[in-house]
Amino acid sequence: MRLRVDRYKLVSLAAVATVAAAWVAASFGGWLNPDKLPPVQAMVAALTDLLRNGYGGVPFLHEIAASLYRALTGFLLAVLAGVPFGIFIGSNRIAYAIFGPFLGFLRPIPPIALIPLFIFYFGIGEFSKVALIFITAFWYVTLSAASGVRSVPRDLVLAGRSLGMGRRQIFFHVVLPASLPHILTGMRVAMALCWALVVAAELIAAQVGLGYMIMDATTFFRIPVVYIGVVAIGLIGLFLEGVLVAIEGRLLHWRGQ
């Protein structure tokens with residue numbers, strides 16, 4: 001099994017290396033239109049300038065840190081609020097009947113559609129950006145936690161009771177472990193949404209952040225900077241996903257065994 005996994009990783013690396021090699025070859029061959037797909041020389045020059053001088057007087061790492069702060073703050077607040085609330089409504093049929101329709105109605109609404117309302121109610125400061133990210137992640141975390149609790153087989157609960165477990169023991173030793181896969185999957189989806197939503201959140205009069213940098217660079221037709229911002233968002237998103245996958249592997253170490 002280990003050999004097969006490593007082989008597939010090699011295939012993935014080979015695919016990435018092939019695309020990168022084709023881009024480098026096209027760059028030095030002069031086959032690329034710099035106004036649409038910058039050659040590697042322009043990307044390296046733009047990245048060097050960003051690392052040395054920043055963007056608009058703001059260091060490039062500060063742009064990344066600002067976006068990470070907004071995304072992670074909204075995500076962590078959504079987890080802290082959504083997981084307990086989801087467990088509550090998942091274990092209480094009356095609560096699920098009350099809140100379920102509202103959560104189901106709000107979840108499909110595109111977060112971008114809420115931007116005017118958040119500006120109207122909360123202004124254009126940091127709070128509105130973090131709140132937009134929080135509310136988007138909250139739906140997914142809450143519904144995933146509720147779904148996880150509701151999917152716990154009743155036979156497991158009955159088996160716990162037959163062994164003399166109390167309600168607290170059943171919750172921590174039966175319900176919570178059985179619902180963790182759903183909860184962690186919801187967290188992974190929410191994290192991806194939070195990071196993707198950074199660009200939309202930073203449309204709310206932001207003066208720093210990767211989303212702001214991309215939009216401002218687009219306005220002034222600085223195409224290499226746009227691509228650098230997009231690539232940075234993708235790489236950081238992969239890293240955040242990897243962190244959650246590692247946490248999931250530690251918490252759900254029994255899966256696949």
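Residues numbered from 1 in each chain as written. Predicted model: local features only at pLDDT ≥ 70, side-chain atom pairs only at ≥ 80, totals over all residues. Heavy atoms only, no water.

The final tally for this structure, using the stated rule, is one cavity of 30 Å³ or more. Quantified by volume, the largest cavity comes out at close to 30 Å³. If you trace the largest cavity, you find it lined by L184, M187, R188, L244, I247 and E248. Of all the elements in the fold, those that place two or more residues in the lining of the largest cavity are α8 (167-201) and α10 (223-251). Residue composition of the lining of the largest cavity, grouped by class: four nonpolar, no polar and two charged. (1 Å grid on protein atoms, 1.4 Å probe; cavity = no way out; pocket = protein on both sides within 12 Å on 5 of 7 lines; lining within 4 Å. Points joined across faces, edges and corners; volume = space filled by probe spheres on them. Helix = DSSP H or I, 4+ residues; strand = E, 2+ residues; numbered from the N terminus. Nonpolar A, V, L, I, M, F, W, Y, C, P; charged D, E, K, R; others polar.)

Inspection of the entire model under this criterion finds eight aromatic pairs. Seen from their ring centres, F85 and F138 are 6.1 Å apart, and the 20° between their planes marks the pair as stacked. Pair noted here: F85 is in helix α3 (residues 60-91) and F138 is in helix α6 (residues 126-150), with a separation of 53 residues, a long-range link. In this structure F138 comes out as buried when scored by relative accessible area, which is 12%. Between the aromatic rings of F134 and F138, the centroid separation amounts to 5.6 Å while the plane-to-plane angle is 35°, which identifies the pairing as tilted. Of this pair, F134 and F138 are both found in helix α6, four residues apart, which corresponds to roughly one turn of the helix. By the ring-pair criterion, three or more aromatic residues cluster together here, those being F85, F99, F134, F138 and W139. Over the aromatic face of Y96 sits the side chain of R150, whose NZ or CZ is 4.0 Å from the ring centroid. (Phe/Tyr/Trp six-rings, centres within 6.5 Å; stacked < 30°, edge-to-face > 60°. Buried < 20%, exposed > 50% of the residue type's maximum accessible area, 1.4 Å probe, protein only. Lys NZ or Arg CZ within 6 Å of the ring centre and 35° of its normal.)

Taking 1.5 Å of rise per residue, the 35 residues of α8 would be expected to cover 51 Å, yet its terminal C-alpha atoms sit only 42 Å apart, more than 12% below that figure. When the local axis directions of α8 are compared, the greatest deviation, roughly 45°, occurs at L180, which is followed within four positions by the proline P181. (Expected span 1.5 Å × (residues − 1). Bend = angle between axes of the 7 residues up to and from the residue.)

This part is about the packing of helix α9 (residues 210-219) against α10. Axis separation between α9 and α10 bottoms out at 8 Å; the angle between their running directions is 155°. Taken together, α9 and α10 sit at an angle that is classed as roughly antiparallel. Note that α9 runs across α10; the crossing there is left-handed. Of the residues in α10, those in contact with L210, M213, I214, A217 and T218 of α9 are V225, V226, G229, V230, A232, I233 and I236. Looking at the contact of α9 with α10 residue by residue, the class counts come to 10 nonpolar, two polar and no charged. (Axes fitted to C-alpha atoms, helices over the stretch in contact; angles between N-to-C directions. Parallel < 35°, antiparallel > 145°, perpendicular 65-115°, else oblique. Left-handed = near helix turned anticlockwise from the far one by under 90°. Contact = heavy atoms within 4.5 Å.)

Looking now at the packing of α3 against helix α4 (residues 93-106). The interhelical angle for the contact between α3 and α4, taken along N-to-C directions, is 120°, at an axis separation of 6 Å. Judged by the inter-axis angle, α3 sits oblique to α4. Across from F85, F88, I89 and S91 in α3, the residues of α4 making contact are R93, A95, Y96, F99 and L103. Broken down by class, the residue content of the contact of α3 with α4 amounts to seven nonpolar, one polar and one charged.

Residues F60, F75, L132, W195 and L210 are the most contacted members of the largest nonpolar core, which totals 63 residues. Among the secondary structure elements, those contributing two or more residues to this core are α2 (40-53), α3, α4, α5 (115-122), α6, α8, α9 and α10. The element contributing the most residues to this core is α8, with 15 residues. Aside from chain neighbours lying at most four places away, what touches W195 is S67, L68, A71, L210, I233, I236, G237 and L240. (Core = buried A, V, L, I, M, F, W, Y, C linked by side-chain atoms within 4.5 Å.)

Summarising the element assignment, K129 is placed in helix α6. Although K129 is buried, it makes no salt bridge; E126 carries the closest opposite charge, 4.5 Å away. A distance of 3.2 Å separates a polar atom in the side chain of K129 from the backbone oxygen of G125. Once residues lying within four places of it in the same chain are set aside, the contact partners of K129 are R70, I124, A201, I204, A205 and A206. (Lys, Arg positive; Asp, Glu negative; His and termini not counted. Salt bridge = Lys/Arg side-chain N within 4 Å of Asp/Glu carboxyl O. Polar contact = N/O pair within 3.5 Å; in protein donor to acceptor, adjacent residues only side chain to side chain.)

None of this, on its own, says anything about what the molecule does.
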